[in-house]
Amino acid sequence: MTDSPIELTETGMIVPLATGPAYFNFCWLRDACPSCIDPQTRERIFDVSALHDLPRAAAARIDGGELVVDWLGEDHVSRIPLSLLDTFATRGKPEDPADLPRRLWYADHAPAMTRLPQEAVLNDSETRARLLRALIEDGIAIVTDMADDEGSLARLVNAIGPITPSAEGLFFDVRVEIAPTNLAFTAGPLEMHTDLPGEEAAPGVQFLHCLENTVEGGRSLFLDGAAVANALYDEDPEAYRLLASHDIPFFYRHETWDYRAHQRVIETDPEGRVTGVTISQHLQDILDLPQELLDTYYPAFVKFIRMMQEERFLMRFRSTAGQCVIFDNHRIVHGREGYVADSGMRHLRGCYTDRGALRSAYRVLAQQGHTGASAPEPTLKSA
Ligand SMILES: [Fe+2]
């Protein structure tokens, strides 16, 4: 706080905050009044458009830790916490416990992956927060010691969010099928991909519960798409720019469905940080970008796909029965080595929830004091 007075303007006011004077628009301030939120439903009960004129302050002062505003032509006084104004003045957005920086990882990540037993995830809030935090920061984690009953996977997912359906239904089984609807359901190698980009809202968080794996080969492959995208930015910024600025088509077609959607190969947030990638050569449609643009887009695209085959990014591990790998389907790119189909059984059951549900569950736990940050640092962390 400074001693300078609050300055009212035609449209807002300049408030002397501890971080310096900051301008706030009158409509924004009226909407930020805590009385606008119903304490029971926690929903907004004030509608700025219901006022005859746009709100305007008659007077404003600072009282303790609050900005007190008398509104012109309205029998209402707002008391807005200065901490809220400080947050918006410095961050431009509200505090969000789920807004955790991504921790990029590379080929040697397997020993450092967060591994937590299912029972503790289900019954202990701090353990559940550790799992959710790892999924936000690393984009991948493993739940071990899964119960082997029919409802085991659903119980785990529901501890995070509702199961979101895909064209395959609520669950899908990854094993060799006689008439497969997807290359995943064969014994062949599966190139690095994210799931179902042909769906308008491609699945957010994927669960792969290993029920059985006794075959020769078939190791699981994972990489951090955000790490590869950042490496592309460093090594070829123009290629990165092309992949981060054009949407390309994907599909998923069979007898009874014909999904089509456009996705951006490199996804970024409004601050320009990489949030994830979308890649799937087996579900990619014929590109519909202008032919001249393809002269530069294709080389960039091919370069990115080849980078995803580089050993420096690829983490390999063998899925074992009783483990469930959980990963952000918009960030973590996955695949599989081929395996010998008649050498044993390989059966994974999968399903999805969305990324919004993941962050929602984490915020609720963090607001209860469970941040998942108390976990000891993994001892085998790469340098
Ligand atoms: Fe997949």
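The structure displayed is predicted, hence computed values, not measured ones. (Residues numbered from 1 in each chain as written. Predicted model: local features only at pLDDT ≥ 70, side-chain atom pairs only at ≥ 80, totals over all residues.)

## Some points on the overall build of the protein chain
Phase 1: Along the protein chain, the regular secondary structure elements total nine helices and 20 strands.
Phase 2: Its C-alpha atoms give the protein chain principal-axis dimensions of about 80 × 55 × 50 Å.
Phase 3: Relative to its 383 residues, the protein chain shows a buried fraction of 34%.
Phase 4: Partitioning the contacts of the protein chain with sequence separation of at least 6, the portion at a separation of at least 24 is 74%. (Helix = DSSP H or I, 4+ residues; strand = E, 2+ residues; numbered from the N terminus. Buried ≥ 20, exposed ≤ 12 C-beta atoms within 10 Å, placed from the backbone. Contact = placed C-beta atoms within 7 Å.)

## Concerning the environment of His 209
Phase 1: As for its position among the elements, His 209 is in strand β11 (residues 205-213).
Phase 2: A tally of 27 C-beta atoms within 10 Å means that His 209 is categorised as buried.
Phase 3: Here the alpha-carbon distance between His 209 and Glu 238, two residues 29 residues apart in the chain, equals 39 Å.
Phase 4: Beyond its immediate stretch of four places on either side in the chain, His 209 contacts Met 146, Leu 153, Cys 324, Leu 348 and Arg 349.

## Regarding the sheet that holds strand β18 (residues 324-328)
Strand pairing in a sheet takes place through backbone hydrogen bonds and is either antiparallel or parallel in direction.
Phase 1: Across the sheet, six strands lie side by side as β7-β8-β18-β11-β20-β9; this open sheet has mixed pairing. One side of each edge strand has no neighbouring strand; the edge strands of this open sheet are β7 (115-117) and β9 (172-174). Direction aside, neighbouring strands of the sheet carry axes that sit 25° apart on average.
Phase 2: Bridge count for β7 against strand β8 (residues 140-144) is three bridges, and the pairing is parallel. When the bridges of β8 are listed, Arg 115 appears paired with Ile 142. (Pairing = 2+ DSSP bridges. Axes fitted to C-alpha atoms, helices over the stretch in contact; angles between N-to-C directions.)

## Side note on unusual backbone geometry
Both trends apply: most residues other than glycine have a negative phi, and most peptide bonds are in trans.
Phase 1: Residue Arg 42 is not a glycine yet carries a positive backbone phi of 60°.
Phase 2: Checked against the element boundaries, Arg 42 lands in the loop between α1 (26-31) and β4 (57-63).
Phase 3: Accessibility expressed as a C-beta count within 10 Å gives 7 for Arg 42, which makes it exposed.
Phase 4: Even without glycine at this site, Leu 196 takes up a positive phi of about 50°.
Phase 5: Of note, Leu 196 is situated in the loop between β10 (190-193) and β11.

## A look at the domain arrangement of the protein chain
Phase 1: When cut into domains, the protein chain gives domain 1 (7-91) and domain 2 (107-367).
Phase 2: Summarising the inter-unit geometry, the C-alpha centres of domain 1 and domain 2 are found 43 Å apart. (Domains from an automatic or database assignment.)

## Quick word on the environment of Ala 110
Phase 1: Mapped onto the secondary structure, Ala 110 falls in the loop between α2 (82-91) and β7.
Phase 2: Residues Ala 110 and Met 315, spaced 205 residues apart in sequence, show a C-alpha to C-alpha distance of 6.4 Å.
Phase 3: Among all residues touching Ala 110, those that are not within four sequence positions of it are Met 315 and Phe 317.

## Overview of the sheet that holds strand β1 (residues 7-8)
Phase 1: Ordered in space as β1-β2-β3, the three strands form an open sheet in which the pairing is antiparallel. Of all strands in the sheet, those bounded by a partner on one side alone are β1 and β3 (20-25).
Phase 2: As paired strands, strand β2 (residues 12-17) and β3 are joined by six bridges and run antiparallel to one another. Pairing of Pro 16 across the sheet is with Pro 21, part of β3.
Phase 3: Relative to β2, α2 is tilted by about 100°, and along the sheet it contacts β2 and β3.

## Remarks on the nonpolar core
Phase 1: Counting 66 residues, the largest nonpolar core has Leu 132, Leu 135, Val 143, Leu 243, Cys 324 and Ile 326 as its most contacted members.
Phase 2: Per-element tally for this core: the top contributor is helix α4 (residues 125-137), with six residues.
Phase 3: Once you skip the residues sitting within four places of it in the chain, Cys 324 turns out to touch Ile 142, Val 143, Met 146, Leu 153, Leu 156, Phe 207, Leu 208 and His 209.
Phase 4: By size, the runner-up hydrophobic cluster in this structure holds 12 residues, among which are Leu 17, Ala 57, Ala 60 and Ile 80. (Core = buried A, V, L, I, M, F, W, Y, C linked by C-beta atoms within 7 Å.)

## Focus: the confidence of the model for the protein chain
Phase 1: Model confidence for the protein chain is summarised by a mean pLDDT of 92, while 96% of its residues fall at 70 or above.
Phase 2: Contacts for the low-pLDDT stretch residues 377-383, under 50 throughout, to residues beyond four places or in other chains number seven contacts. (pLDDT = per-residue confidence, 0-100.)

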